[in-house]
Amino acid sequence: MSLRADTQAHPTSDVRRFGRPQKWVHRATAALMGVCVATAACLYIPQFAELVGRRALVVRVHEWAGLALPVPVLAGLASRAFRADLGFLNRFGPHDRVWLRAALRRDKRRASRPAGKFNAGQKIYAAWIAGATLVMLGTGLLMWFTHLTPLMWRTSATFVHDWLALTIGIVLAGHIGMALGDPEARRGLRTGWVSKAWASHEHPLWHPHNKDH
């Protein structure tokens, strides 16, 4: 698709929020995380386990989906735009502290919640889920290769893996709930475009046409 055709497909009231690399990294990661959560539920909830059966297959799917979970992000590093977004997510500025204080006070006025391309809540969620994924991967490997580690290590890894999985499920439910409450944000991840009105309202410090946003 040419640049002219792409521009004509969107009104001038829209701005580009995400390119193809960011969209596909998010979709692939979400799909793999969904498989991990679904298979974990089938392994730990008796009603689901009885309904699905074939525990050995479920375990194998769970293991390989977990191993593949970091792959979309690693592949996305080849994209300059994706690396730029990671830089924005890793950059915590004074306005983010203002946003957090307002969130803790439950102050919902947009004037009290300044945000760049990503708000402070999104930055914290991204950092937490990335760290949790690495911990899940490490503990999962200890549980998988049982002959490489002592029993105490495997027992500790199982404890951390199980309870962190429950925490991830709760956090993901909250993440999905917030996404369901913001159709424009979902449109940004689905199509890459959002309205200028939404961008100025939700992310007033974000300047899409500037390098520093």
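Nothing here was measured: the structure is a model prediction, and the numbers come from that model.

Visitor: Please clarify how unusual backbone geometry should be interpreted in this entry.
Guide: A negative phi angle is the norm for most residues apart from glycine, just as the trans form is the norm for most peptide bonds. Its identity is not glycine, yet Arg-106 carries a phi of approximately 60°, on the positive side. When you line up the elements, Arg-106 lands in the loop between α7 (94-104) and α8 (120-144). The exposure class assigned to Arg-106 is exposed, which follows from its relative accessible area of 71%.

Visitor: I tried to follow the confidence of the model for the chain on my own but got confused; where do I start?
Guide: The predicted coordinates of low-pLDDT regions are not to be read in fine detail. Here the chain averages 87 in pLDDT, while 92% of its residues score no lower than 70. Taken element by element, the chain is modelled with least confidence in helix α1 (residues 3-8), mean pLDDT 44, and with most confidence in helix α5 (residues 71-76), mean pLDDT 95.

Visitor: Looking at this model, I keep getting lost on helix α6 (residues 80-90). Mind explaining?
Guide: Side chains three or four residues apart in an α-helix point the same way, a direct result of the helix having 3.6 residues per turn. Among all positions in α6, only Phe-82, Asp-85 and Phe-88 are buried. Down the axis of α6, the smallest arc covering the buried residues is 115°, so these residues share one side. In α6, the exposed positions angled more than 90 degrees off the buried face are occupied by Arg-80 and Asn-90. Looking at the buried residues of α6, the elements they touch are α2 (20-44), α5 and α8. One side-chain oxygen at the N-terminal end of α6 lies 3.3 Å from the backbone nitrogen of Ala-81; it belongs to Ser-79.

Visitor: Would you take a moment to explain the packing of aromatic side chains for this structure?
Guide: What characterises a pair of aromatic rings is the spacing of the ring centres plus the angle enclosed by the ring planes. Evaluated as defined, the whole model comprises four aromatic pairs. Taking the centre distance of 5.3 Å and the plane angle of 20° together, the rings of Trp-144 and Phe-145 count as stacked. Since its relative accessible area comes to 35%, Phe-145 is described here as partly exposed. Aromatic pair Phe-159 and Trp-163: ring centres 6.5 Å apart, planes at 55°, arrangement tilted. Of the two residues, Phe-159 and Trp-163 both sit in helix α9 (residues 151-180), four residues apart, roughly one turn of that helix. As far as the burial class goes, Phe-159 and Trp-163 line up, both exposed. An aromatic cluster of at least three residues, connected via ring pairs, comprises Trp-64, Trp-144 and Phe-145. Arg-17 extends its terminal NZ or CZ atom over the ring of Phe-118, reaching a point 5.5 Å from the ring centre.

Visitor: What should I look at first to understand the packing of α8 against α9 in this one?
Guide: If you want to describe how two helices pack, look at the angle between their axes and the distance between the axes. Where α8 contacts α9, the two axes come as close as 9 Å, and the packing angle between them is 150°. Put simply, α8 runs roughly antiparallel to α9. Crossing geometry of α8 relative to α9 is assigned as left-handed. Two secondary-structure elements touch here, α8 through Tyr-125, Trp-128, Ile-129, Ala-132, Val-135, Met-136, Thr-139, Gly-140, Leu-142 and Met-143 and α9 through Arg-154, Ala-157, Thr-158, Val-160, His-161, Leu-164, Ala-165, Thr-167, Ile-168, Val-171, Leu-172 and His-175. When the residues that make up the contact of α8 with α9 are grouped by side-chain class, the tally is 15 nonpolar, six polar and one charged.

Visitor: Can you walk me through the side chain of Ser-112 in this structure?
Guide: Within the secondary structure layout, Ser-112 lies in the loop between α7 and α8. By relative accessible area, which is 12% here, Ser-112 ends up buried. In contact with Ser-112, not counting residues within four places along its chain, are Val-98, Trp-99, Ala-102 and Asp-107.

Calculation rules
- Residues numbered from 1 in each chain as written.
- Predicted model: local features only at pLDDT ≥ 70, side-chain atom pairs only at ≥ 80, totals over all residues.
- Heavy atoms only, no water.
- Helix = DSSP H or I, 4+ residues; strand = E, 2+ residues; numbered from the N terminus.
- Buried < 20%, exposed > 50% of the residue type's maximum accessible area, 1.4 Å probe, protein only.
- pLDDT = per-residue confidence, 0-100.
- Arc of directions from axis to C-beta.
- Contact = heavy atoms within 4.5 Å.
- Polar contact = N/O pair within 3.5 Å; in protein donor to acceptor, adjacent residues only side chain to side chain.
- Phe/Tyr/Trp six-rings, centres within 6.5 Å; stacked < 30°, edge-to-face > 60°.
- Lys NZ or Arg CZ within 6 Å of the ring centre and 35° of its normal.
- Axes fitted to C-alpha atoms, helices over the stretch in contact; angles between N-to-C directions.
- Parallel < 35°, antiparallel > 145°, perpendicular 65-115°, else oblique.
- Left-handed = near helix turned anticlockwise from the far one by under 90°.
- Nonpolar A, V, L, I, M, F, W, Y, C, P; charged D, E, K, R; others polar.

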